[in-house]
Structures are given as C-alpha cells and as structure tokens.
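# Architecture and fold: a report
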Amino acid sequence: MEKNIIIHGHFYQPPRENPWLETIEIQDSAYPYHDWNSRITAECYAPNTASHILDQDRRIIDISNNYSKISFNFGPTLLSWMEWFDPEIYEAILQADKKSQERYSGHGSAMAQAYNHSIMPLSNERDKRTQVIWGVRDFRSRFGRDPEGMWLPETAVDIETLEILAEYGIKFTLLAPHQAKRTRKLGDTEWNDVSDSSVDPKRAYLCNLPSGNSIALFLYDGPIAQDIAFGDLLTNGEVFAKRLDSTFDEDGGELQLVHIATDGETYGHHQTHGDMALAYCLYYLENDTPVRLTNYGEYLEQHPPEYEAEIVEDSSWSCVHGIERWRSDCGCSTGMHEGWNQKWRAPLRGAMDWLRDNLIEIYEDIGSKLLQNPWQARNDYIDVILDRSEENIKKFLSEHAQEDLAQEDKVKILRLLEMQRHAMLMYTSCGWFFDEVSGLETVQVIQYAARAMQLAREVSGINLQDAYKGLMERVPSNLDKHQHGADIYEKYVEPSILELLRVGAHYAISTLFRDFSEEDRIYNYSARGKIFDRSEVGRHKLAIGSVHIRSDITWSEEDISFAALHLGGHNIMSGASARMNKERFDLMLNDIHDSFMKNDISEVVRLTDKYFENNSFSLRHLFKNEQRAIMSELLDRSAKDIDTSFRQLFDNQYPVIQALSDLNMPLPDYFSTLMKFVLNRDIRKNLESEELDFEELERNVEELRRWPLEVDKATLGYLASRKIDELTLQWRDDPENVFLLETMNRLMQTLESLSLEYNLWKSQVRYFNIGRDKFPEIKDKAEAGDKNAQRWTEQFKLLGEHIRVRVE
C-alpha cells in the first residue's frame with residue numbers, strides 16, 4: 001500500500017488596517033477587541049519557523065525545511081503585513097515554497113487564496129471573478145509561479161465559484177467532508193449519497209462543472225482536524241504522527257491519502273507548543289513510518305482522480321447551517337457570550353448590499369466616461385495595489401484610461417478604483433463571524449464601507465452616508481451602551497474618517513515635536529513643506545507654516561496652511577485651512593506670531609479660531625501611532641523628573657539602607673518601594689540602551705538579589721529577549737564575531753539570578769542555522785589549535801546552553 005500524508009495550514013487573520021492610511025495603526029481601547037497585530041509572528045502564524053527540536057535522546061533534529069513539507073496558504077493582506085513588518089519570516093515563507101518544489105516534483109506547497117476573504121457564494125459574479133484574479137496575481141507576484149490550488153475563505157463554495165476557479169487555471173481546492181453531496185467512480189452511473197459526512201477523504205475527487213470544465217476536490221479528514229483544533233492531539237508529536245498513520249485502511253486500496261486542514265495559528269498560538277508537536281510529527285513520520293509526505297499538486301499529478309463528487313452548494317467548514325453565519329442569526333457564534341444573539345448579521349449585510357449596488361451605479365456611470373472597460377480595469381487594478389509607484393500607476397492609466405484625460409480625471413479614476421476595492425473589503429468574512437456588531441472585526445468592515453462612501457462622494461457628489469446610517473439603525477447590538485449600528489458608526493467610524501485637511505493638521509502638530517523637513521512622508525501621503533516658522537517662549541511652542549499634501553493612492557492633493565501650539569504637557573491645539581491665499585497667510589503668521597512672542601496665549605487661541613474658521617485640531621486628531629509617539633515623549637519627560645527625584649532619594653538614603661543590611665534588620669516598605677523602582681528602572685534603561693553597561697547592570701542585579709525586592713519580570717524579560725534578538729541579528733550577519741557571542745553570554749549570565757522568562761525563538765533559529773553552517777568548520781580549526789576558533793567554540797556552546805539549543 002502507498003501511504004500519502006498532507007498537512008495543510010490556513011493562515012488568514014487579517015491585519016487591522018486603517019482604510020485611510022493604508023497601514024496598521026495601534027488601536028486604542030474605544031471598544032473591546034483582541035490585539036492580533038502585535039502577535040502576528042511566526043510563532044503564531046507560521047508553524048515550524050523554529051528550525052530545530054530535541055528528540056528523546058536530546059539530539060538536535062534539523063527540521064529547518066519543515067515549511068516545505070506542509071501545504072499552506074496565507075491571506076494576501078497578511079502577507080503584505082508580514083512583508084513590511086517581519087521580512088525575515090516573509091522571506092522564509094517564499095523560500096519554503098521554492099524548497100517544496102524541489103521536494104515534490106516541481107510542485108510548490110503554497111496555495112493561493114481568494115483575495116480579501118469574503119464569502120464567495122454571497123458575492124456577486126463580478127466580485128467573485130475579481131477576488132480570484134487578484135488572488136492569483138498576488139500569489140504570482142510573491143511566489144514567482146502560478147498557483148495550482150486556491151483556498152476558498154471558510155471553504156465556502158458554490159458552483160459558480162468553482163467555475164471561476166477552473167476558468168483561471170486553478171486545478172484544485174480543499175473542502176470539509178460535509179461539503180460533499182454525493183460521489184461515484186468515474187464511468188459509473190450510480191451515485192452514493194455522502195451528505196452525512198461519510199465521504200471517503202483518502203482520495204481526490206473530480207468535480208465536473210456545467211460549463212464542461214472540471215476541478216479537483218480534496219475533502220480533508222474531519223475527525224483528525226477537529227482533534228487538532230479543539231482536542232489534545234498537539235500535546236505530543238509522536239501521538240499526532242501515530243494518529244495520522246493509524247488512519248490508513250489496511251483493507252483498503254493500494255493508494256491512500258490522509259490529509260488534514262486546520263487554521264495555521266492552531267500550531268503554537270491556539271495550542272501552546274503545537275508547532276513543536278507538528279515538527280516532531282513530521283520528523284517521526286519521515287523516519288519511523290513507511291508513509292510518504294507529499295503536497296496536493298504532486299499527488300494530483302501522480303494520481304489523477306478516479307472518482308467524482310458533487311458539492312453541497314452554499315456550504316462552508318465553519319457553519320453547520322451552510323453560509324448562514326455570514327447573513328443570519330443561525331446560532332453559530334464563539335459561544336463566549338451567553339444570552340447574546342446575532343440578529344445584527346442580516347441587516348448589516350443588507351446595508352452592505354445596498355451600498356455595493358449604489359456604488360456599482362456610480363462606478364459604471366462615471367467610469368464608462370473615463371475608462372475603456374471599467375470592470376476590466378478593476379480586475380487589473382491589483383497590479384497597482386502591488387506596486388503603487390508613480391511610474392507603474394502611469395503605465396496602468398495608459399493601458400486603461402481613455403485618451404487625453406486631464407489630471408483631475410486621473411484622480412477620479414484612482415478614486416473610483418479605490419472605491420471599488422473598499423466595496424469588496426467591506427465584505428471581509430470576519431465582520432460577520434463573531435458575536436457582536438461593535439467588535440473590532442465588524443467595525444473594521446464598516447470602516448471600509450465608510451471609505452467607499454467618502455470616495456463616492458468625492459467623485460460624484462452623491463452622499464450615500466445618510467441613507468446608509470438609516471439602514472444601520474436596523475442593526476441591533478447586544479450591548480446596552482449602543483443603541484444600534486448607526487450609533488456604533490458615529491462613535492467608532494466617523495471619527496476615523498480622514499481628509500487631506502486632517503493630514504495637514506497631523507503634519508502641523510508633528511512639527512512641534514521634531515525637526516522640520518521639506519520632504520516628508522505620512523503613511524501613504526507625501527508632505528512637502530513650503531513655509532515654516534517655529535518659535536519658543538519658555539515651555540510653550542508655536543509652529544506656523546504651509547504644506548502641500550498629496551495622496552500616493554489617489555493622487556489627490558491640497559495646500560494646507562496651519563498654526564500649531566503646544567502649551568506644555570498634553571495641551572496641544574492646531575488650526576488648519578485649505579487654499580488660504582498668500583495675503584491672508586502673511587497676516588495670520590504675523591498676528592499669531594506677535595501675540596505668541598508677547599506670551600498672550602488667549603489672543604493666540606482667538607486668532608487661531610479667527611483665521612482657521614474653527615477648523616481646530618488637537619492631540620486626539622493625530623493618527624494613533626503618532627499619538628503614542630508624542631505621549632511617550634511627554635511621558636518620558638515626566639519619567640525623567642520622577643527618576644531624578646527617586647534617584648536623589650535613593651542616593652541620600654542608601655547609607656541608611658546599607659546600615660540596615662549590616663545590622664541584618666528588615667527593610668521598611670517605603671525603602672523597598674524606593675529600591676524596587678530605582679533598580680528595575682535602571683536595568684530597564686540599560687537593556688533599552690544601544691550599548692550595554694555591564695558594570696552597572698551587574699551592580700543593579702546584585703542589589704536586587706541582596707534584598708527581597710520584586711523584579712518586574714514581564715518587562716525585563718521582554719527587553720532582555722529583544723536585546724538578545726538584536727545581538728543574534730548582528731551575529732547572523734557576522735557569524736565569526738566572538739565579541740558578540742561573549743556579549744550575549746555575559747548578558748544571560750548576569751540576568752540569570754532574576755529568573756526572567758524569555759521569548760527567544762528567533763534567536764534559537766539563528767543559533768541553529770549558524771551552528772549548522774559554521775560550527776563544523778570552526779570546530780575543526782579549534783581542534784587544530786586555532787586559539788580564536790577555540791574561543792569561538794567555547795562561547796558558542798555556552799550560548800547554546802543559555803538559550804537551550806545544542807548543535808553537534
């Protein structure tokens with residue numbers, strides 16, 4: 001019997017994107033949410049990025065190629081986020097696909113995904129088509145090849161979706177076992193009803209489509225997938241492997257396939273150390289069983305389907321009611337909120353459908369005057385999303401725009417296409433998946449809708465927002481503090497809506513805290529300072545100027561005049577105005593500047609209101625990341641004052657503290673509090689500094705050890721892990737640098753008595769890779785008498801002990 005095994009991980013959780021900035025903003029706590037962004041790391045979203053594991057004999061097992069052994073798909077938005085925020089992991093994913101092609105007869109393990117994870121059966125035909133096209137092209141741009149398979153969001157499927165997949169060259173997709181309606185052997189006339197999930201998952205199936213096209217279906221093993229996601233199968237890698245191996249039917253056919261599909265974040269995020277269990281499972285399968293690891297592309301080429309299947313239309317893997325979880329109160333929820341309902345789902349989808357249809361009318365009406373083929377232009381717009389350079393946008397416009405368009409018409413085209421992009425983003429599935437309409441995921445999709453409406457108004461003058469809010473009044477909330485969806489829109493969405501004037505105000509306030517630069521970037525906006533004047537009187541600051549703001553997404557642009565005032569602390573105000581003429585600007589500058597230099601702050605405030613016609617802005621109007629940066633700066637100033645005061649107290653009282661120590665007398669609480677603050681703070685500052693001061697660090701650690709003082713283990717453990725990660729990153733680029741090894745070892749030894757908890761998976765990966773590539777060569781030199789090599793080898797082994805990795 002030929003035993004084949006495939007393990008598939010689906011990685012999707014989308015970044016929490018600001019639709020106006022095209023970036024990830026740090027969220028505030030305006031409403032309950034889960035902070036996924038800070039946790040999108042390989043540990044959570046990429047199984048087996050750790051490139052080693054110890055077997056029962058404590059030997060290193062090299063599994064650095066494990067990515068290439070499993071099948072996986074990543075959502076394009078997640079890959080975009082990872083490309084920017086964690087390029088090391090992003091590159092590892094791309095390389096894994098290349099290695100998998102070497103391993104599996106030229107077939108890569110990566111699969112594509114419908115672009116923004118909308119439920120395909122609930123999308124209209126045009127949106128389905130664009131989602132597939134964008135998914136294919138995004139995949140091709142990253143992995144350098146055409147995808148063979150495509151993951152359908154929530155595996156939600158209907159015949160029309162399969163037809164489009166086949167049309168664009170997709171050879172297979174994955175479904176849950178209950179999504180098969182009936183099967184039969186090719187050539188037979190009798191069908192077998194398998195709608196009770198009794199389909200045999202150990203083979204591939206062909207789905208013949210009405211058009212005459214076909215697509216292969218893989219229906220994964222449901223019970224094993226359930227035990228991985230919700231059971232304890234990932235507590236032991238060997239048990240996991242044996243469970244997979246035991247699933248083969250010894251009395252079955254000569255060719256069998258056991259394959260599973262789960263959320264990729266199950267391995268290590270939902271299930272702690274699940275990534276290690278998967279790693280050992282793969283090692284065990286390859287070394288202690290007769291099974292053969294493969295991927296879907298290779299298996300399909302070598303073993304074309306001998307059976308065919310029909311699907312259960314409008315079905316998915318995560319809703320037992322089909323696809324009702326994304327349009328009705330079907331009963332599916334997280335189960336975390338007893339007594340809640342999801343009656344909000346249907347009216348929310350109704351509001352989105354109404355908006356989509358109105359946006360189509362605007363797009364076709366205006367787009368047909370500016371574009372040769374508006375819907376073909378939308379399909380090709382993915383090329384702009386992937387490369388927003390001005391040169392590439394001009395190329396796109398030359399291919400799709402009608403001839404002799406003015407600049408303002410080009411801006412209109414870009415706004416129309418962005419409007420359509422957000423009209424699809426607003427259907428992202430997680431907006432309906434969870435329990436409450438005011439949750440982060442749902443507010444996110446409503447923000448996408450708001451951005452689409454804003455763009456529609458800018459290109460057509462049509463205000464869709466009022467009618468949309470009227471529909472949102474029908475959307476109920478489970479929380480008493482929210483009347484309905486329109487209330488949530490006003491609280492959490494409207495304050496986020498961004499126009500060029502607010503970007504200018506952000507620029508103005510920012511100039512109070514950093515040096516002026518003529519050319520600047522504010523996320524996806526370019527800022528070119530034209531006039532700038534900054535004055536200071538005591539602790540008060542005033543900045544007056546003019547800046548040209550341009551969107552790199554839509555090419556919208558505006559000249560913004562501003563005046564910004566900082567009165568100390570968090571007291572910040574600014575006025576901003578578009579298209580202020582030079583005469584009025586000069587008057588404003590002179591009047592406000594003169595009053596400020598006289599320290600007549602009330603007059604400065606009055607003049608700001610006068611010249612900027614109450615277009616006032618404050619710290620709360622800044623983008624979240626900048627808010628945090630400025631508040632951190634302000635808090636740092638306060639912290640320095642507190643540090644100075646506590647340090648003086650500490651230095652003055654230290655002789656008394658020392659006397660208490662000499663007399664073996666207990667430390668009073670007020671001295672304990674003082675010492676705990678100063679010593680933890682000193683260690684923290686040391687770990688945050690570019691250069692470590694080991695003498696001071698060792699002295700502070702010794703003081704903490706001498707007294708029964710509480711150690712801030714969470715903060716210091718995080719900072720120490722980050723410092724070690726920085727040092728191993730330097731070491732990766734200069735692996736023979738003994739000084740870096742000695743520095744890391746000294747740091748780990750110094751902090752050992754604090755019993756900190758480290759997160760060193762990246763450092764462990766780098767250590768193992770360097771050990772694999774460099775250790776044998778340097779070890780030979782050491783054995784031949786090379787003193788420097790002996791020193792390196794000694795320090796290398798010591799570091800391995802500290803971070804719990806051994807290379808032989």
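In every chain, residue numbers begin from 1 and rise along the written sequence. Per-residue local features are limited, in this predicted model, to residues with pLDDT of at least 70; the limit for side-chain atom pairs, both in listing and counting, is 80 or more; totals at the level of whole chains, interfaces and linings are taken over all residues. Excluded from the side-chain calculation are hydrogens and water; included are all heavy atoms of the structure.

Next up on the list: the overall build of the protein chain. A tally of helices and strands in the protein chain yields 28 helices and 22 strands. Atoms considered for the radius of gyration are the C-alpha atoms alone. The globule rule reads 2.2 Å times the number of residues to the power 0.38. A globule of 808 residues ought to have a C-alpha radius of gyration of about 28 Å, and the protein chain, at 30 Å, matches this closely. Principal-axis analysis of the C-alpha atoms gives the protein chain an extent of 95 × 80 × 55 Å. Only protein chains enter the accessibility calculation, which uses a 1.4 Å probe; a residue is then buried when its area is under 20% of its type maximum, exposed when over 50%, and partly exposed in between. Here the protein chain holds 808 residues, and the buried ones make up 56% of them. A sequence separation of at least 24 residues applies to 70% of the contacts in the protein chain between residues at least 6 apart. Secondary structure elements follow DSSP: runs of H or I of four or more residues count as helices, runs of E of two or more count as strands, with numbering from the N terminus. Two residues form a contact once any of their heavy atoms are found within 4.5 Å.

Moving on, we come to the sheet that holds strand β18 (residues 525-537). Pairing between strands is defined by DSSP: at least two bridges between them are needed. With antiparallel pairing, six strands are arranged side by side in an open sheet as β17-β18-β19-β20-β21-β22. Only two strands of the sheet have a single partner each, and these edge strands are β17 (519-522) and β22 (616-618). Averaged over all neighbouring strand pairs, the angle between strand axes comes to 30 degrees, with direction disregarded. For every element, the axis is a line fit to its C-alpha atoms; helices are fit only across the contacting stretch, and the angle between N-to-C directions ranges from 0 to 180 degrees. With respect to the sheet, helix α21 (residues 601-612) is in contact with β19 (540-551), β20 (557-566) and β21 (572-578), its orientation differing from that of β21 by roughly 25 degrees.

Looking now at empty space enclosed by the protein. Each cavity reported here is a set of points on a 1 Å grid over the protein atoms alone in which a 1.4 Å probe fits but cannot get out, each pocket an open set with protein on both sides within 12 Å along at least five of seven lines, and each lining residue one with an atom within 4 Å of a point. Grid points are joined across faces, edges and corners, and a volume is the space filled by probe spheres set on the points. Enumeration according to the criterion identifies five cavities of 30 Å³ or more in this entry. Approximately 60 Å³ is the volume found for the largest cavity. Around the largest cavity sit 14 residues that line it, and Phe74, Leu79, Met111, Phe139 and Phe143 are the ones nearest its centre. Contributions of two or more residues to the lining of the largest cavity are made by β6 (71-74), α2 (76-85), β7 (110-113) and α4 (125-143). No other element matches α4, which puts five residues into the lining of the largest cavity. Tallied by class, the residues present in the lining of the largest cavity amount to nine nonpolar, three polar and two charged. Reported here for the second largest cavity is a volume of approximately 50 Å³. Every residue lining the second largest cavity is listed: Ser71, Gly108, Ser109, Ala110, Met111, Glu148, Gly149, Phe172, Asn295, Tyr296 and Gly297. Classes in brief: Ala, Val, Leu, Ile, Met, Phe, Trp, Tyr, Cys and Pro nonpolar; Asp, Glu, Lys and Arg charged; the others, Gly included, polar.

Among buried residues, those of type Ala, Val, Leu, Ile, Met, Phe, Trp, Tyr and Cys that are joined through side-chain atoms within 4.5 Å constitute a nonpolar core. One finds Leu348, Met352, Met419, Ile446 and Tyr468 to be the most contacted residues of the largest nonpolar core, which totals 97 residues. The element contributing the most residues to this core is helix α16 (residues 440-460), with 11 residues. Every residue in contact with tyrosine 468, bar those within four places of it in the chain, is listed here: Leu348, Ala351, Met352, Trp354, Leu355, Ile446, Ala449, Met453 and Tyr489. In this structure, Cys207, Ile228, Leu233 and Tyr267 belong to the second largest nonpolar core, which totals 67 residues.

What follows covers the sheet that holds strand β10 (residues 180-185). On the basis of which strands lie adjacent, the open sheet formed by six strands has the order β9-β13-β12-β16-β10-β11 and mixed pairing. Edge positions in the sheet fall to β9 (172-175) and β11 (192-193), since each has one partner strand and no second. Where β10 and strand β16 (residues 307-311) come together, five bridges link them in antiparallel fashion. In the sheet register, alanine 180 faces β16, and the bridge partner there is isoleucine 311. Across the sheet, helix α5 (residues 159-167) touches β9, β12 (205-208), β13 (214-219) and β16, and the angle it forms with β13 is around 115 degrees.

What follows covers unusual backbone geometry. Even without glycine at this site, arginine 579 takes up a positive phi of about 60 degrees. Along the chain, arginine 579 turns up in the loop between β21 and α20 (582-597). Not every positive phi belongs to a glycine, and asparagine 664 is a case in point at roughly 60 degrees. Considering the arrangement of structural elements, one finds asparagine 664 in the loop between α22 (624-662) and α23 (669-688). When its relative accessible area of 73% is taken as the criterion, asparagine 664 is described as exposed.

Bringing the packing of aromatic side chains into the picture now. Aromatic ring pairs are described here by two measures, namely the spacing of the ring centres and the angle between the planes. Working definition: a ring pair exists when centres of Phe, Tyr or Trp rings (six-membered ring for Trp) sit within 6.5 Å. Plane angles under 30 degrees give stacked, over 60 give edge-to-face, the rest tilted. All told, the structure shown has 30 aromatic pairs when counted by the stated rule. Between phenylalanine 650 and tyrosine 654, the ring centres sit 5.5 Å apart and the planes meet at 50 degrees, which makes this aromatic pair tilted. Remark: tyrosine 654 and phenylalanine 650 occur in helix α22; sequence separation between them is four residues, near one turn of the helix. A residue is classified by how much of its surface remains accessible, and tyrosine 654, at 22% relative accessible area, is partly exposed. Among the aromatic residues, ring-to-ring pairing joins Trp731, Tyr767, Phe775, Trp792 and Phe796 into one connected group. Remark: a charge is flagged as sitting over a ring if the NZ atom of Lys or the CZ atom of Arg is within 6 Å of the ring centre and within 35 degrees of the ring normal. The positively charged end of arginine 203 is found above the aromatic ring belonging to tyrosine 307, 3.8 Å away from the centroid. Geometry around phenylalanine 433 places arginine 325 over its ring, the cationic atom sitting 3.6 Å from the centre.

What follows covers the side chain of histidine 482. As for its position among the elements, histidine 482 is in the loop between α17 (465-472) and α18 (485-493). Aside from chain neighbours lying at most four places away, what touches histidine 482 is Glu436, Ser438, Ser477, Asp487, Ile488, Lys491 and Tyr492.

All right, on to the pattern of salt bridges then. By convention in these notes, a salt bridge is any Lys or Arg side-chain nitrogen within 4 Å of a carboxyl oxygen on Asp or Glu. Summed over the entire model, instances satisfying the criterion amount to 63 salt bridges. The closest approach of N and O atoms between glutamate 399 and lysine 395, which form a salt bridge, is 2.9 Å. Highlighted residues: glutamate 399 and lysine 395, both in helix α13 (residues 390-400), separated by four residues, approximately one helical turn. By relative accessible area, which is 47% here, lysine 395 ends up partly exposed. Several salt bridges converge on common partners, so that one network encompasses Glu88, Asp725, Arg732, Asp733 and Arg766.

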